[in-house]
Amino acid sequence: MLSAERNQTLTASAQGTPMGAMYRRHWIPVALSQEVPLAGGPPIRRRLLGEDLVLFRDGAGRPGLLSEWCPHRGASLYFGRNERADSPTGPGLRCVYHGWKFDVDGSCLDMPNEPEESTFRNRVRARAAYPCRELAGVIWAYLGDPRLRPDAPQLPWTILPAEHVYASVRLQLCNSIQAFEGAVDASHVGILHSDIGLWDAGDEFKRVRGGIAVDKAPRFYVEQTDFGLTIGARRRMAGGQAYWRFTQVVLPWYVVLSQEPDAPGSGHAWVPVDEHRTYTWTFSFRADRPLDGQEVARWRAGGGLHAPLIPGTLTPTMNRDNDYLVNRDLQASASMTGISNVGMQDAAVQENMGPHMPGTLAALGSRMDRSSERLGSADAGVVATRRVLLAAATALEKDATIRPPGVLVEDQRQACPYPSMLVDEETGWHEVRGLAQGEAAGSAPPAGR
Ligand code: FES
Ligand SMILES: [Fe+2]
């Protein structure tokens, strides 16, 4: 359990909160590059850490992330006119109310409703303008103090060329920590997802089905690292063997999952929209080769760890409003949940947790009160994740200039996907971790791209 006060700290992400300040020290995945495919095309809305923003690709092809609210009288720049590179005032987004125009850096390029001789335009900027980078088909932004901006992230999927990575993003109606905790709580996998063979998921999951299903009470080992945590889950198998999987918890919101032989790697990010909602990112990648058409088609259709979305939205087709299309007959006969997509099985539990914290707008999304939960030994990863997150945020409160865990690319490079291991059951945590680390290092792509 967590005291009401610590729960409040852990789950708040707005500007001025300890966690919000920590999040703002990291690069943030904002949108898929293909969501703003065209130079001079329409902007899209994003709400990040409680801040309303618009993302656009200017007439010169550069991504720009601005406050949604025009600094003049607050009109939404979402309806802005994204002007071409050859327009007389250059590329930029023009507010349609009185025509003020801003470039990707937030400078005001034009102010047609002021006298021509006015210099007012030089003293006005967009309310916020954040630097962006494009990596692995995703636009990333940095929302923090420019003097403390770290290098662009070097996570297992950002160091690869875009053809090696498939990324998707969906909206989840719960606080981001609820979703993050789901990934470090590996004991749910053999239970919530116990209809694993029914997933439209392909061979990589069928391979792990045996290991995860056999022992429903895995033993957990947690080790603190420079980037966050390495968590090992050991399951006993027949014949005196043990099946190990590893989760790398990379602060502030990533996990890198264990990789099965010859299968793609996977990772997630849970980025707070605000206290009630989350952008759930899923990254599938192959270090050894570009993705093939079949893989991409399956993920695009919502297979594997991805989810089918209502076209033109970030809302899954299976969602809270339709009870995730739960099939109670299937639940009675063959499936724990009766829900047919693994990500939606997670969403169904995470979006419907409670009781809620006082003041929660439950219609927006779930924000649970952790002060009365009952944690057992299987929750070791959950407890450790809360501890490192709160410790990082608290340390930053004391000294805003320190580098929180996971910010440095040297730390991120350590968080490579460990292979799952089938070893003699006598093999201890340190030995098996060393073996997995050695294998991961042997197959890692060259760092520093
Ligand atoms: S509100 Fe945007 S130009 Fe007036
Ligand atoms: Fe899950």
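Residues numbered from 1 in each chain as written. Chains lettered and ligands numbered in written order. Predicted model: local features only at pLDDT ≥ 70, side-chain atom pairs only at ≥ 80, totals over all residues. Heavy atoms only, no water.

Draft legend 1. Focus on the overall build of the protein. Within the protein, the secondary structure is distributed over 11 helices and 19 strands. A compact globule built from 449 residues would reach a C-alpha radius of gyration of about 22 Å, and the protein, at 23 Å, matches this within 12%. Dimensions along the principal axes, computed over C-alpha positions, put the protein at roughly 85 × 50 × 50 Å. Considering the protein as a whole, with its 449 residues, one finds that 56% of them fall into the buried category. Accessible surface, the protein as shown: approximately 19200 Å² in total, 51% of it carbon and sulfur. (Helix = DSSP H or I, 4+ residues; strand = E, 2+ residues; numbered from the N terminus. Rg over C-alpha atoms; globule rule 2.2 N^0.38 Å. Buried < 20%, exposed > 50% of the residue type's maximum accessible area, 1.4 Å probe, protein only. Areas by Shrake-Rupley, 256 points an atom, 1.4 Å probe, with all protein chains shown as cover.)

Draft legend 2. Representation of unusual backbone geometry. Residues Leu251 and Pro252 are joined by a peptide bond in cis, for which omega reads 10°. With respect to the helices, strands and loops of the structure, Pro252 is situated in the loop between strand S15 (241–250) and strand S16 (254–257). With an omega of -5°, the peptide bond running from Gly354 to Pro355 counts as cis. Relative to the assigned elements, Pro355 resides in the loop between helix H8 (342–350) and helix H9 (380–398). Even without being a glycine, Ala136 presents a positive backbone phi close to 55°. Despite not being glycine, Tyr324 has its phi angle at roughly 60°, a positive value. Its place among the elements puts Tyr324 in the loop between helix H6 (293–300) and helix H7 (328–333). Here Tyr324 falls in the buried class, since its relative accessible area comes to 4%.

Draft legend 3. Broad picture of the sheet that holds strand S1 (residues 27–32). Taken in spatial order, the 3 strands make up an open sheet running S1-S11-S10, and their pairing is antiparallel. Of all strands in the sheet, those with a lone pairing partner are S1 and strand S10 (132–135), marking the two edges. Looking at each pair of strands side by side, their axes are set apart by 35° on average, direction ignored. The pairing of S10 with strand S11 (residues 138–142) spans 4 bridges and is classified as antiparallel. Of the residues in S11, the one forming a bridge with Cys132 is Ala141. (Pairing = 2+ DSSP bridges. Axes fitted to C-alpha atoms, helices over the stretch in contact; angles between N-to-C directions.)

Draft legend 4. Representation of the sheet that holds strand S7 (residues 101–102) in the model. Strand order in the open sheet formed by 4 strands is S5-S6-S7-S8, with antiparallel pairing between adjacent strands. Two strands lie at the open edges of the sheet, namely strand S5 (81–83) and strand S8 (108–110), each paired on one side alone. Alignment of strand S6 (residues 92–94) against S7, held across 2 bridges, turns out to be antiparallel. Its bridge partner lying in S7, Arg94 is registered against Lys101.

Draft legend 5. Summary view of the confidence of the model for the protein. Of the residues in the protein, 94% have a pLDDT of 70 or more, and the chain-wide mean is 93. Of the regions scoring below 50 in pLDDT, residues 197–209 engages in 28 contacts with residues more than four places distant in sequence or in other chains. (pLDDT = per-residue confidence, 0-100. Contact = heavy atoms within 4.5 Å.)

Draft legend 6. Broad picture of the side chain of Ser335. Among the secondary structure elements, Ser335 is positioned in the loop between H7 and H8. Side-chain polar atoms of Ser335 contact the backbone nitrogen of Thr337, separated by 3.2 Å. (Polar contact = N/O pair within 3.5 Å; in protein donor to acceptor, adjacent residues only side chain to side chain.)

Draft legend 7. Expanded view of empty space enclosed by the protein. Using the criterion set out here, one finds 3 cavities of 30 Å³ or more in the structure. There is about 70 Å³ of room inside the second largest cavity. Forming the walls of the second largest cavity are 13 residues, and the residues nearest its centre are His26, Trp27, Pro153, Gly406 and Gln412. The residue inventory of the lining of the second largest cavity, partitioned by class, reads 8 nonpolar, 3 polar and 2 charged. (1 Å grid on protein atoms, 1.4 Å probe; cavity = no way out; pocket = protein on both sides within 12 Å on 5 of 7 lines; lining within 4 Å. Points joined across faces, edges and corners; volume = space filled by probe spheres on them. Nonpolar A, V, L, I, M, F, W, Y, C, P; charged D, E, K, R; others polar.)

Draft legend 8. Broad picture of the packing of aromatic side chains. Under the definition given, this model contains 18 aromatic pairs. Taking the centre distance of 6.0 Å and the plane angle of 55° together, the rings of Trp157 and Tyr254 count as tilted. Of the two residues, Trp157 sits in the loop between S11 and strand S12 (165–172) while Tyr254 sits in strand S16, which places them 97 residues apart along the sequence. Assessed through its relative accessible area of 0%, Trp157 is described here as buried. For the ring pair Trp157 and Phe285, a centre distance of 5.9 Å and an interplane angle of 50° mean the geometry is tilted. Highlighted residues: Trp157 in the loop between S11 and S12 and Phe285 in strand S18 (residues 278–285), separated in sequence by 128 residues. (Phe/Tyr/Trp six-rings, centres within 6.5 Å; stacked < 30°, edge-to-face > 60°.)

Draft legend 9. Expanded view of the nonpolar core. In this structure, Leu48, Leu55, Leu65, Leu143, Trp157 and Trp281 are the most contacted members of the largest nonpolar core, which totals 75 residues. Here this core gets 8 residues from one element, more than from any other, and that element is H9. The two domains that each donate at least three residues to this core are domain 1 (27–148) and domain 2 (162–443). Once residues lying within four places of it in the same chain are set aside, the contact partners of Trp157 are Ala136, Trp140, Val165, Tyr254, Val255, Val256, Gly267, His268, Phe283 and Phe285. Listed in part, the 15 residues of the second largest apolar core include Leu66, Ala75, Cys95 and Met111. (Core = buried A, V, L, I, M, F, W, Y, C linked by side-chain atoms within 4.5 Å. Domains from an automatic or database assignment.)

Draft legend 10. Representation of the packing of helix H3 (residues 176–184) against H9 in the model. Between H3 and H9, the least distance of the axes is 8 Å, while the angle of their chain directions is 130°. The orientation of H3 relative to H9 falls into the category oblique. Like other packed secondary-structure pairs, H3 and H9 cross with a definite hand, here right-handed. For the pair formed by H3 and H9, the contact residues are Ile177, Phe180, Glu181 and Val184 on the first element and Gly381, Val382, Thr385, Arg386 and Leu389 on the second. The class makeup of the residues in the contact of H3 with H9 is 5 nonpolar, 2 polar and 2 charged. (Parallel < 35°, antiparallel > 145°, perpendicular 65-115°, else oblique. Left-handed = near helix turned anticlockwise from the far one by under 90°.)

Draft legend 11. Representation of the packing of helix H1 (residues 4–11) against H9. It is at 10 Å that the axes of H1 and H9 come closest, and there the two elements cross at 75°. The angle between H1 and H9 falls in the class roughly perpendicular. Side by side, H1 and H9 meet where Arg6, Thr9 and Leu10 of the first sit next to Arg386, Leu389 and Leu390 of the second. Looking at side-chain class alone, the contact of H1 with H9 contains 3 nonpolar, 1 polar and 2 charged residues.

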